[in-house]
Amino acid sequence: MGARVLAYRAYQRLLRSRLAPSALPRHVGVIIDGNRRWAKAYGTTTHDGHRAGADKVVEFLGWCDEVGVEVVTVWLLSTDNLTRASAELDQLLEIIPDLVERLAETGRWRVNPVGRLDLLPAATANRLKEVGEATAPIDGITVNLAIGYGGRQEITDAVRSLLAEHAERGTSLADLAETLDVEHISEHLYTRGQPDPDFVIRTSGEQRLSGFLLWQSAHSEYYFCEAYWPEFRKVDFLRALRAYSTRQRRFGG
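Here goes a summary of the coordinates provided. (Residues numbered from 1 in each chain as written. Predicted model: local features only at pLDDT ≥ 70, side-chain atom pairs only at ≥ 80, totals over all residues. Heavy atoms only, no water.)

## Some points on the packing of aromatic side chains
With the rule as written, the count across this model stands at 15 aromatic pairs. Here the aromatic rings of Y149 and F212 are separated by 6.4 Å at their centres, their planes lie at 75°, and the arrangement is edge-to-face. Here the residue Y149 occupies a position in strand β4 (residues 142-149), and F212 occupies one in the loop between β5 (199-202) and β6 (221-224), the gap between them amounting to 63 residues. The same class applies to Y149 and to F212, which are both buried. Ring geometry for Y222 against F224: centres 6.1 Å apart, planes inclined by 15°, an arrangement best described as stacked. In this structure F224 comes out as partly exposed when scored by relative accessible area, which is 29%. Members of the aromatic cluster, connected to one another through ring pairs, are F60, W63, W229, F232 and F237. (Phe/Tyr/Trp six-rings, centres within 6.5 Å; stacked < 30°, edge-to-face > 60°. Helix = DSSP H or I, 4+ residues; strand = E, 2+ residues; numbered from the N terminus. Buried < 20%, exposed > 50% of the residue type's maximum accessible area, 1.4 Å probe, protein only.)

Written out as structure tokens, the structure is:
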């Protein structure tokens, strides 16, 4: 084993030892970005880039498990991604269900696909829903996999669900308008019942939200990492957590 590897592992241990459990996030969101650019940089195919990205998701969840994160939301496919060229989209719709089943097979995590699954091919949507139902009883990290996800779409769906619920109760629009508050909408989000994300990581150097968890991330801390997602390392994750642990969260106060 080379000196560089030994030094790298020692540095990881040092970073980990300095992270107090009370200073760690309960819910981590991750905008995985850079699969295609990683593939181009290494002279390989887009398909290989997405496969490497899927492998990194499994690895990343293991790191989250080690430090005690309770909820992880991973953005795998946006509603905008659904307009990509059919060849690439077909690859993604092959890779993503395989990834979801790999996560389920570990028996470690509660896999919760969220998003407009109805926009996916029926067979794909059914596979995702079956995995969600099968892993629901597992006592482990809740892993929200955002697939066919858009932040504006989520809020629209939440409002639509809220209106439908009150229509069934016979509530008038005037009465609903009088009593409506923030929590009423929160109760209809894809992540209802979960803590909001404390910390959101985006890879590849891009510094924008792109609509990720728009409602839930009102008070989230953000961290932007230069590494493309397939080359995001454990040490990068620990550095991100170190940065989070030093921030003073005031929640607007």
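## Digging into the pattern of salt bridges
Pairing is possible between side chains of opposite charge, provided their charged atoms come close. The final tally for this structure, using the stated rule, is 21 salt bridges. Its salt-bridge partner being D55, residue R102 comes within 2.8 Å of it at the nearest N-O pair. Of the two residues, R102 sits in helix α4 (residues 86-106) while D55 sits in helix α3 (residues 46-67), which places them 47 residues apart along the sequence. Overall, D55 belongs to the partly exposed group, its relative accessible area being 41%. If you follow the salt bridges from partner to partner, you end up with D33, R37, R202, E206 and R208 in one network. (Salt bridge = Lys/Arg side-chain N within 4 Å of Asp/Glu carboxyl O.)

## Things to note about a negative patch on the surface
Together, D181, E183, E187 and D196 make up a region of like negative charge exposed at the surface. Among the secondary structure elements, D181 is positioned in the loop between α7 (173-179) and α8 (182-186). A residue is classified by how much of its surface remains accessible, and D181, at 39% relative accessible area, is partly exposed. (Patch = residues over 30% accessible without salt bridge, like charges linked within 9 Å, V, L, I, M, F, W, Y side chains within 5 Å. Areas by Shrake-Rupley, 256 points an atom, 1.4 Å probe, with all protein chains shown as cover. Lys, Arg positive; Asp, Glu negative; His and termini not counted. Charge placed at Lys NZ, Arg CZ, Asp CG, Glu CD.)

## Quick look at a nonpolar patch on the surface
Residues V159, L163 and L173 make up a contiguous nonpolar surface patch of about 270 Å² in total accessible area. Inspection of the secondary structure puts V159 in helix α6 (residues 151-169). Residue V159 is classed as partly exposed on the basis of its relative accessible area of 33%.

## Details of the packing of α4 against helix α5 (residues 122-135)
Here α4 crosses α5 at 15°, and the two axes come no closer than 10 Å. With respect to α5, the element α4 is oriented roughly parallel. Two packed elements cross with a definite hand, and for α4 against α5 that hand is left-handed. Where α4 approaches α5, its residues L93, P97, D98, V100, E101 and A104 are matched on the opposing element by T124, R127, L128, V131 and T135. Residue composition of the contact of α4 with α5, grouped by class: six nonpolar, two polar and three charged. (Axes fitted to C-alpha atoms, helices over the stretch in contact; angles between N-to-C directions. Parallel < 35°, antiparallel > 145°, perpendicular 65-115°, else oblique. Left-handed = near helix turned anticlockwise from the far one by under 90°. Contact = heavy atoms within 4.5 Å. Nonpolar A, V, L, I, M, F, W, Y, C, P; charged D, E, K, R; others polar.)

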